[in-house]
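# Coordinate inspection notes
The chain contents come next:
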Amino acid sequence: DEKGIIFFMGDPRGELTKALNVELTHKGPCEKLGPGRCKRFSAFVEEGTIKSFNVAEADDDPAGDDDPYVSCVEKMMVDLEELI
């Protein structure tokens, strides 16, 4: 809305998750969390264009739990500085 600059959105049917190719399919997390989960990510979208997109995952950390940095605000602030 016009009062803020941050929007939080849900994806209850997983449509955006699949379109962005960020569905968590690794056996370990899926056994604990269930299927259809989204990978941990951050995105900066301006007027419908993705300007920055970061996914927190590694071969030994498919859910990004051990190092979520790229999905956190500190990384997004770095990205925004680089875009300016």
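Look up a bit, the structure's there.
All values derive from a computational prediction rather than experimental measurement.

### Some remarks on the packing of aromatic side chains
- In the structure shown here, the tally under the stated rule is one aromatic pair.
- Here Phe41 and Phe53 contribute two aromatic rings whose centre-to-centre distance is 5.1 Å and whose plane-to-plane angle is 35°, an arrangement assigned as tilted. In this pair, Phe41 is assigned in strand 3 (residues 41-46) and Phe53 in strand 4 (residues 49-55), connecting sequence segments 12 residues apart.
- Taking the relative accessible area as the measure of exposure, Phe41 reaches 28% and is therefore partly exposed.

### Describing unusual backbone geometry
- A positive phi is found at Asn21, a non-glycine position, where the angle reads about 60°.
- Overall, the relative accessible area of 63% leaves Asn21 in the exposed class.
- Of note in the backbone geometry, Glu47 takes a positive phi value of approximately 50° without being a glycine.
- Along the chain, Glu47 turns up in the loop between strand 3 and strand 4.

### A short note on the pattern of salt bridges
- Enumeration over the complete set of coordinates arrives at six salt bridges.
- Residues Arg13 and Glu15 are paired through a salt bridge, measuring 3.2 Å at the closest nitrogen-oxygen approach.
- Residue Lys51 is joined to Glu46 by a salt bridge in which the shortest nitrogen-to-oxygen separation is 3.7 Å.
- Given a relative accessible area of 40%, Glu46 falls into the partly exposed group.

### Focus on helix 3 (residues 73-83)
- Turning to helix 3, its buried residues number three or more, namely Lys75, Met76 and Asp79. Buried residues of helix 3, viewed axially, fall in a sector of 100°; they line one side. Turned more than 90 degrees away from the buried face of helix 3, the exposed residues are Val73 and Glu81.
- Contacts made by the buried residues of helix 3 are with strand 3 and strand 4.

### A word on a negative patch on the surface
- A cluster of like negative charges, contributed by Asp59, Asp60, Asp66 and Asp67, occupies part of the molecular surface.
- Mapped onto the elements, Asp67 comes out in the loop between strand 4 and helix 3.

Rules used throughout
The residue numbering used here restarts from 1 in each chain and proceeds along that chain's sequence as written. Only residues with pLDDT of at least 70 are given local features in this predicted model, and only at 80 or more are side-chain atom pairs given and counted; all residues enter the totals for whole chains, interfaces and linings. Side-chain numbers here rest on the full set of heavy atoms in the structure, without hydrogens or water. A pair of aromatic rings is counted whenever rings of Phe, Tyr or Trp (Trp by its six-membered ring) have centres within 6.5 Å, and the orientation is called stacked for planes under 30 degrees apart, edge-to-face for over 60 and tilted otherwise. Segments assigned H or I by DSSP are reported as helices when at least four residues long, segments assigned E as strands when at least two residues long, and all are numbered from the N terminus. Throughout this description, buried means an accessible area under 20% of the type-specific maximum (1.4 Å probe, protein chains only), exposed means over 50%, and partly exposed covers the range between. By salt bridge we mean one thing: a side-chain nitrogen of Lys or Arg within 4 Å of a carboxyl oxygen of Asp or Glu. In this context, the arc is that of the directions from the helix axis out to the C-beta atoms. Whether two residues are in contact is decided by their heavy atoms, any of which lying within 4.5 Å being enough. A patch consists of residues whose relative accessible area exceeds 30% and which take part in no salt bridge; residues with like charges are grouped when within 9 Å of each other, and nonpolar side chains (Val, Leu, Ile, Met, Phe, Trp, Tyr) when within 5 Å. Here the Shrake-Rupley method, with its probe set to 1.4 Å, supplies the accessible areas, and only the displayed protein chains count as covering residues. We treat Lys and Arg as the positive residues and Asp and Glu as the negative residues; His and chain ends play no part in the count. Think of each charge as sitting on NZ of Lys, CZ of Arg, CG of Asp or CD of Glu.

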